[in-house]
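# Fold and geometry: a report
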Amino acid sequence: MNLCLPHCQVCARSHWPSREICPHCLGHEIQWTEIESSGSVVTATLLHHSLEPRFREHLPVCVATIQLDCGVCVLVYLEPGDLAIGNRVIVSTGTGPTGQEALVAKSVTR
Amino acid sequence: MTPRGYRHVAAAVPVTIPYVRRSEHGVYWWLGRALGELVRRSGISKQEIDGLIAASYTLRPDSVVSLTEYFGLTVRWLEDLPMGGASGPVALCRAARAVEAGDAEIVACIAGDVLGGAAFGKLMDNYSSFSRDAVLPYGIVGPNLPFALITRHYMERTGAVREDMGRICIAQRHNGHYFPHALLKNPLTMKEYLAARPIAEPLHLFDCVMPCSGAEGFLVMSEDRAQAGGLPYASILAGVERYNAFPEDKVQVSGGWPMDRDRLYAAAGLGPGDMHFLQAYDDYPVIVMFQLEGLGFCETGEAPEFVRAVDLTADGVGLPLNTGGGQLSLGQAGAVGGFVGITEGLRQVSGQALGLQVMNATVGLVSGYGTVNFDRGLCSSAVILARGSA
Ligand SMILES: [Zn+2]
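## What about the overall build of chain A?
Per the secondary structure count, chain A includes one helix and seven strands. Overall, chain A is about 45 × 30 × 20 Å in size when its C-alpha atoms are taken along their principal axes. Taking the contacts inside chain A whose residues are at least 6 apart along the sequence as the reference set, 44% of them involve residues at least 24 apart. Once the 7 positive and 10 negative side-chain charges of chain A are each reduced to a mean point, those two points are 6 Å apart.

In structure tokens:
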């Protein structure tokens, strides 16, 4: 399991969401680069409601903000039992409840 | 650079077109109703209006340019506001500077948005490229998701509990009970607040605004013109805007106000203790707490204590907050929510409240916040209004 993020070839920093211009130095050479996929739960929510009917049968689901160890924050799906703030997780590209591509995080203790 | 207010400029004729949940009419109808009311109530003809500034999400892909032809307006100053919930104070500041500089004489400031059929879902789909790519895959919930994350983080950091958020909602509903256009008028008890169904924990039903359709508007002109027309008005003592403040914060913990409040109060020659009311942007109660802290009504992290200690009702003895009930009572008609505080603030300082009138309100603060692009509101704004003196 690995994780790729947009990475600036000029200042060597990653960012999220994806951009064609680096928000740190305005560099215009961005390459998706494999990064260390560990991080911590910063905040999380248990969703009970969705605007999208086909999503509703999967509720409730837990969505969290994870700060990766490189400093970048991403939104991920998380198991509801893992939503404690500070919980250590590994983030990877996976699928959400309805099968769409999404970032998912798993607790390192599991 | 010395901060500067707006000399000899008046804001007048606050207009609220009564909201409905779902509209049979299009967005032009709502914007046009606001414009028509401005003309009718001011006695100023459409031909005299030479500036127009508007905020609307559902007007897209049309723009404010389209409004001129639709409404038969010929203007020499025009501005389109994409700032959502921050748009009211921004509209007022921009229009006031234009009038002060002589770039326009009468500026109509309007906001309108509609909710009909799938309009809200469509709005969310089209909201921003970041939202589409990095937020929408996570439950398709609209703004409840980022604000649930922000609220949980705030509660953990400050020790705020649900009852603290509830105090804001209950006080505003008390105010909204007396406001004729509020869609949610029934008094709210703490028991009802706490028992509401969860939406995106820790947010429950009464923490979330109800999407609806509506329009608001006001006019900006010279003090001389307002006086000549016999229009009650407010002076604009100071105003600030800020975009993308504190981008390094991993979760939003304030708007941009901490960067700008010293300038704001210095320009007005006043402090937070001089304000007779606060019209704060209230898409969620945590954002009201950001404003209480960021605008200096209490220290950072102390808003929960503040709302426990201070009466927030419009007829109380503390700090009257969102005296018309705010969006939590009125409903949120898209970008119109950014104008709600301005129209209510103008009514309060000019003694024209439609519901509860704050006793002897002569000066007050209106702040705006909005436009979640990814995980936080990027725009914040604030103005200080004072009763105009003839
Ligand atoms: Zn860079």
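Resuming the write-up.
## Let's talk about the coordination of the zinc ion
All names here are of chain A. Bound to the zinc ion are the protein donor atoms Cys8 (SG), Cys11 (SG), Cys22 (SG) and Cys25 (SG), situated 2.3 to 2.4 Å from the metal. The motif formed by the donor residues of the zinc ion, counted along the single chain, is C-x2-C-x10-C-x2-C. Of the two residues, Cys8 sits in strand 1 (residues 3–8) while Cys22 sits in the loop between strand 1 and strand 2 (30–35), which places them 14 residues apart along the sequence.

## A word on the domain arrangement of chain A
All names here are of chain A. Each domain of chain A was delimited in the assignment, giving domain 1 (1–35) and domain 2 (37–110). A C-alpha centroid distance of 22 Å is found between domain 1 and domain 2. Between domain 1 and domain 2, the contact holds eight residues from the first and ten residues from the second. Summing the contributions of domain 1 and of domain 2, the shared interface buries around 760 Å²; its carbon and sulfur component is 77%. Summed over the shared surface of domain 1 and domain 2, the result is zero salt bridges. If you look at where domain 1 meets domain 2, you find one residue pair in polar contact (both at pLDDT 80 or more). Here the side of domain 1 that touches domain 2 is built from residues that sort into five nonpolar, three polar and no charged.

## Quick notes on helix 10 (residues 257–268) of chain B
Note: α-helices contain 3.6 residues per turn, so residues at a spacing of three or four share the same orientation. All names here are of chain B. Helix length check: helix 10, at twelve residues, gives a terminal C-alpha distance of 15 Å against a target of 16 Å (1.5 Å per residue), a fit within 8%. Looking at helix 10, one finds that the buried residues are Trp257, Asp260, Leu264, Tyr265 and Ala268. Buried residues of helix 10, viewed axially, fall in a sector of 140°; they line one side. At its buried positions, helix 10 is contacted by strand 8 (233–243), helix 11 (285–294), strand 10 (363–372) and strand 11 (377–387). With its phi angle positive at about 70°, Gly269 sits one or two positions after the end of helix 10.

## Here's the deal with the interface of chain A and chain B
Residue-level contacts link 33 residues of chain A with 26 residues of chain B. Regarding the contact of chain A and chain B, the summed buried area is about 2,600 Å², with carbon and sulfur atoms giving 67% of it. Summed over the shared surface of chain A and chain B, the result is zero salt bridges. Mapped onto the side of chain A that touches chain B, the elements with two or more residues apiece are strand 3 (38–47), helix 1 (53–56), strand 4 (61–68), strand 5 (73–78) and strand 7 (101–107) of chain A. It is strand 3 of chain A that contributes the most residues to the side of chain A that touches chain B, six residues altogether. A breakdown of the residues in the side of chain A that touches chain B according to their chemical character gives 19 nonpolar, nine polar and five charged.

## Some details on the domain arrangement of chain B
Residues and elements named next belong to chain B. Annotation of chain B at the domain level lists domain 1 (9–118 + 213–228) and domain 2 (142–209 + 237–383). Each of domain 1 and domain 2 has a C-alpha centre, and the two are 23 Å apart. Domain 1 puts 36 residues into the contact, and the matching count from domain 2 is 32 residues. Across the domain 1 to domain 2 interface the summed buried area is about 2,500 Å²; carbon plus sulfur atoms make up 72%. Where domain 1 packs against domain 2, one counts one salt bridge. The salt bridge involving Arg94 is made with Glu241; its shortest N-O contact spans 2.7 Å. Along the contact surface separating domain 1 from domain 2 lie eight residue pairs in polar contact (both at pLDDT 80 or more). Elements that contribute at least two residues to the side of domain 1 that touches domain 2 include exactly strand 1 (9–20), helix 3 (87–101), strand 4 (107–113) and strand 7 (213–222).

## Here's the deal with the packing of aromatic side chains
How two aromatic rings sit relative to each other is given by the distance of their centres and the angle of their planes. Per the counting criterion, the structure on display carries twelve aromatic pairs over all chains. When the centroid spacing of 5.5 Å and the interplanar angle of 80° are considered together, the rings of B:Tyr70 and B:Phe71 count as edge-to-face.

## Description of the sheet that holds strand 3 (residues 77–81) of chain B
Residue and element names in this part refer to chain B. Pairing is mixed in the open sheet, where nine strands are placed in the order 3-2-4-7-1-8-11-10-9. Pairing within the sheet leaves two strands with one partner each, and these edge strands are strand 3 and strand 9 (278–279). Sheet analysis places strand 1 next to strand 8, joined by three bridges and oriented antiparallel. In the strand pairing of strand 8, Ala10 is matched with Ser235. Its contacts with the sheet put helix 10 on strand 8, strand 10 and strand 11, and the angle it makes with strand 8 is roughly 155°. Strands in contact with helix 14 (residues 337–349) are strand 1, strand 2 (51–55), strand 4, strand 7, strand 8, strand 9, strand 10 and strand 11; relative to strand 1, the strand with the most contacts, it is inclined by about 120°.

## Concerning helix 11 of chain B
Residues and elements named next belong to chain B. In terms of burial, helix 11 is largely enclosed, as ten of its ten residues are buried. For helix 11, the complete set of buried residues consists of Pro285, Val286, Ile287, Val288, Met289, Phe290, Gln291, Leu292, Glu293 and Gly294. A positive backbone phi angle near 85° is found at Gly296, which sits one or two residues after helix 11.

## Digging into the nonpolar core
With 89 residues, the main nonpolar core has A:Ile66, B:Leu292, B:Phe297 and B:Leu365 as its most contacted residues. With seven residues, the single largest contributor to this core is helix 6 (residues 144–158) of chain B. Leave out the neighbours within four places in its chain, and B:Phe297 touches B:Tyr265, B:Pro272, B:Met275, B:Leu278, B:Gln291, B:Leu292, B:Phe306, B:Leu319 and B:Leu365. Judged by nonpolar contacts, the second largest core, of 48 residues, contains B:Ala86, B:Ala95, B:Ile236 and B:Leu346.

## Brief notes about the confidence of the model for chain B
Mean pLDDT for chain B: 95, with 96% of residues reaching 70 or above. The ipTM for the predicted assembly is 0.95, set against a pTM of 0.95.

## A look at the pattern of salt bridges
With the rule as written, the count across this model stands at 17 salt bridges over all chains. The partner of A:Glu52 in a salt bridge is A:Arg54, with the nearest N and O atoms 3.3 Å apart. Judged by its relative accessible area of 23%, A:Glu52 is partly exposed. Several salt bridges share partner residues, and in doing so they unite B:Arg4, B:Arg97 and B:Glu100 into one network.

Conventions we followed
- Residues numbered from 1 in each chain as written.
- Chains lettered and ligands numbered in written order.
- Predicted model: local features only at pLDDT ≥ 70, side-chain atom pairs only at ≥ 80, totals over all residues.
- Heavy atoms only, no water.
- Helix = DSSP H or I, 4+ residues; strand = E, 2+ residues; numbered from the N terminus.
- Contact = heavy atoms within 4.5 Å.
- Lys, Arg positive; Asp, Glu negative; His and termini not counted.
- Charge placed at Lys NZ, Arg CZ, Asp CG, Glu CD.
- Donors = N, O, S within 2.8 Å, 3.2 Å for Na, K, Ca; no water.
- Domains from an automatic or database assignment.
- Buried area = accessible area lost by both parts, 1.4 Å probe.
- Salt bridge = Lys/Arg side-chain N within 4 Å of Asp/Glu carboxyl O.
- Polar contact = N/O pair within 3.5 Å; in protein donor to acceptor, adjacent residues only side chain to side chain.
- Nonpolar A, V, L, I, M, F, W, Y, C, P; charged D, E, K, R; others polar.
- Expected span 1.5 Å × (residues − 1).
- Buried < 20%, exposed > 50% of the residue type's maximum accessible area, 1.4 Å probe, protein only.
- Arc of directions from axis to C-beta.
- Phe/Tyr/Trp six-rings, centres within 6.5 Å; stacked < 30°, edge-to-face > 60°.
- Pairing = 2+ DSSP bridges.
- Axes fitted to C-alpha atoms, helices over the stretch in contact; angles between N-to-C directions.
- Core = buried A, V, L, I, M, F, W, Y, C linked by side-chain atoms within 4.5 Å.
- pLDDT = per-residue confidence, 0-100.

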